[in-house]
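Observations on chain architecture
Residue-level listing of the chains:
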Amino acid sequence: MRATERAGRRHGTRGAVAAVLVAAVGLLCVVLLLPLTASTTDSAREITLVIRNMAFYLEGGTEPNPTIRVRAGEEVRFTVLNRDPGFAHNFVVDAWDLETPFIETEASTTVVVRAPARPGRREYVCTPHGKMMRGVIEVVGGD
Amino acid sequence: MELDTTNWSGEGAFTQALLDVLGTVEQIALLRVEDATSSRSDVEFNFISNELFVQFGNRERRVRAKMLGIIPVTRTVTEPVMTVTDLERAMCEMDGVGPPDYADDGMLQYLRTERIVPPYQTRGYKLVELVRIYEAGSESREAPNDV
């Protein structure tokens, strides 16, 4: 009886040690993987476009409808803010199948897109004001 | 009425039309017109942006009040004879002007577009004229590019 009890206790101790080990490995995995998932989300480059006076401007910029440069394959988060009183605008890149809904005055919208892997130049436009609100997105080499 | 065109290039037929009709509004004491910085042009368009600042005349009105809530007194207050909202109403009635395309508490905005095809040419360009009217002393909406 005593031998059986001892064996049972030994099994119990081993089980507890194994459980602690599994928990520790699990915790380690979570600690190691969590930053990776976070960095995937946060790695998107932020580009804020402000619309005013019937033109796109980079946030803080003064050049109307500027050329926007992104790296090939880069993830980009475009935030488009409409500060044009009385006009609804949108932001469209046909070649990337990217189109925001119409943005009312003082409203904004955000879209996340991955730039193509190959360098090139594509047009961005506001559909109803395409003659005046039109610029170029330049995709440059990834390095 | 006093008209100040010092900072205006003279571009914009609709702006000129607005100046003509606003010149007939007795309640306006001063009218200032300026080129907006956002004016620009390209092969396919010419964007003219102008800003008008109107200063309304004042009138004096006597109002009764109570000093310290007890002693009845009469005070004279000076107030403008018109507001931007009144002006909007007046402009709706004016020939060749009509209601603004956009209006809020401090601004009336007109947008006029026209396709211009020069003689003996097949391709033309789009003429876009944006005119914003403010009460003098208000801030222009050609705002700095802050968010």
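Note that the structure is predicted; figures quoted are calculated from it, not measured.

Some details on unusual backbone geometry
All names here are of chain A.
- Despite not being glycine, Asp97 has its phi angle at roughly 55 degrees, a positive value.
- If you trace the backbone, Asp97 turns up in the loop between strand 5 (92–93) and strand 6 (98–99).
- With phi around 70 degrees, Glu106 is a residue other than glycine that occupies positive phi space.
- Mapped onto the secondary structure, Glu106 falls in the loop between strand 6 and strand 7 (108–114).

Re the side chain of Thr48 of chain A
- Considering the arrangement of structural elements, one finds Thr48 of chain A in strand 1 (residues 45–52).
- Residue contacts for Thr48 of chain A: discarding those within four places in its chain leaves Tyr57, Leu58, Glu59 and Thr79 of chain A.

What to know about the interface of chain A and chain B
- Tallying the contact residues gives 19 residues for chain A and 20 residues for chain B.
- Carbon and sulfur atoms make up 57% of the surface buried where chain A meets chain B, a total of about 1,700 Å² over both sides.
- Inspection of the region where chain A meets chain B yields 2 salt bridges.
- In this structure, Arg132 of chain B engages Asp84 of chain A in a salt bridge whose closest nitrogen and oxygen atoms are separated by 3.3 Å.

So, the pairing of strand 9 (residues 125–135) of chain B
Residue and element names in this part refer to chain B.
- Most of strand 9 is tucked away, with 8 of its 11 residues classed as buried.
- Pairing of strand 4 (residues 45–56) with strand 9, which is carried by 10 bridges, proceeds in the parallel orientation. Bridge pairing in strand 9 places Phe47 opposite Val128.

Some details on the confidence of the model for chain B
- Averaged over every residue, the pLDDT of chain B is 90; the share at 70 or more is 97%.
- Complex prediction metrics read pTM 0.76 and ipTM 0.80.

A closer look at the sheet that holds strand 7 of chain A
Residues and elements named next belong to chain A.
- Pairing is mixed across the open sheet formed by 4 strands, whose spatial order is 2-1-4-7. On the outer flanks of this sheet lie strand 2 (55–58) and strand 7, each paired with one strand and no other. Pairs of neighbouring strands in the sheet enclose a mean axial angle of 25 degrees, with direction left out of account.
- Looking at chain direction, strand 1 and strand 4 (residues 75–82) are connected through 7 bridges and run parallel. Bridge pairing in strand 4 places Leu49 opposite Val80.

Quick word on the nonpolar core
- Formed by 30 residues in total, the largest nonpolar core has its most connected members in Phe56, Val70, Phe78, Phe91, Trp96 and Ile137 of chain A.
- Going through the elements one at a time, strand 1, strand 3 (68–71), strand 4, strand 7 and strand 9 (134–140) of chain A together with strand 4 and strand 9 of chain B are the ones with two or more residues in this core.
- When neighbours within four sequence positions are excluded, Val70 of chain A is seen to be in contact with Arg45, Ile47, Val76, Trp96, Ala115, Ile137, Glu138, Val139 and Val140 of chain A.
- One finds Val25, Leu52, Val54 and Leu87 of chain B within the second-largest nonpolar core, a separate group that totals 23 residues.

A closer look at the environment of Met91 of chain B
All names here are of chain B.
- Summarising the element assignment, Met91 is placed in helix 2 (residues 84–92).
- With a relative accessible area of 0%, Met91 lands in the buried category.
- Between the C-alpha atom of Met91 and that of Phe53, which follows or precedes it by 38 residues, the distance is 15 Å.
- If we skip the residues at most four places from it in the chain, Met91 touches Leu18, Leu22, Val97, Gly98, Leu108, Tyr110 and Ile133.

Overview of helix 1 (residues 13–22) of chain B
- Those residues of helix 1 of chain B that sit buried are Phe14, Thr15, Leu18, Leu19, Val21 and Leu22 of chain B.
- Here the buried face of helix 1 of chain B lies against strand 1 (2–7), strand 2 (28–35), strand 4, helix 2, strand 8 (107–116) and strand 9 of chain B.

Side note on the pairing of strand 4 of chain B
Residue and element names in this part refer to chain B.
- Along strand 4, 11 of the 12 residues are buried, which leaves the element largely enclosed by surrounding structure.
- Sheet topology note: the strand 2/strand 4 ladder contains 7 bridges and is antiparallel. Across the sheet, Leu30 pairs through a bridge with Gln55, a residue of strand 4.
- Summarising the sheet, strand 3 (residues 40–41) and strand 4 pair through 2 bridges and their orientation is antiparallel. When the sheet's bridge partners are listed, Ser41 is paired in strand 4 with Asn46.
- Hairpin connection from strand 3 to strand 4: 3 residues lie between these consecutive antiparallel strands.

Regarding helix 2 of chain B
Residue and element names in this part refer to chain B.
- Considered for burial, the residues of helix 2 that qualify are Val84, Leu87 and Met91. In an axial view of helix 2, the angular spread of the buried residues amounts to 55 degrees, which keeps them on one side of the axis.
- In this structure, the buried side of helix 2 is in contact with helix 1, strand 2, strand 4, strand 8 and strand 9.

What about the pattern of salt bridges?
- Tallied over the entire structure, the rule returns 16 salt bridges over all chains.
- Across the pair Glu34 of chain B and Arg32 of chain B runs a salt bridge whose closest N-O atoms are separated by 2.9 Å.
- The class of Arg32 of chain B is partly exposed, set by a relative accessible area of 25%.
- For Arg59 of chain B, the salt bridge goes to Glu79 of chain B, with nearest N and O atoms at 3.3 Å. Taken together, the residues Arg59 of chain B in strand 5 (residues 58–67) and Glu79 of chain B in strand 6 (residues 71–80) connect sequence positions 20 residues apart.
- If you follow the salt bridges from partner to partner, you end up with Arg45, Arg71 and Glu74 of chain A in one network.

How each quantity is defined
- Residues numbered from 1 in each chain as written.
- Chains lettered and ligands numbered in written order.
- Predicted model: local features only at pLDDT ≥ 70, side-chain atom pairs only at ≥ 80, totals over all residues.
- Heavy atoms only, no water.
- Helix = DSSP H or I, 4+ residues; strand = E, 2+ residues; numbered from the N terminus.
- Contact = heavy atoms within 4.5 Å.
- Buried area = accessible area lost by both parts, 1.4 Å probe.
- Salt bridge = Lys/Arg side-chain N within 4 Å of Asp/Glu carboxyl O.
- Buried < 20%, exposed > 50% of the residue type's maximum accessible area, 1.4 Å probe, protein only.
- Pairing = 2+ DSSP bridges.
- pLDDT = per-residue confidence, 0-100.
- Axes fitted to C-alpha atoms, helices over the stretch in contact; angles between N-to-C directions.
- Core = buried A, V, L, I, M, F, W, Y, C linked by side-chain atoms within 4.5 Å.
- Arc of directions from axis to C-beta.

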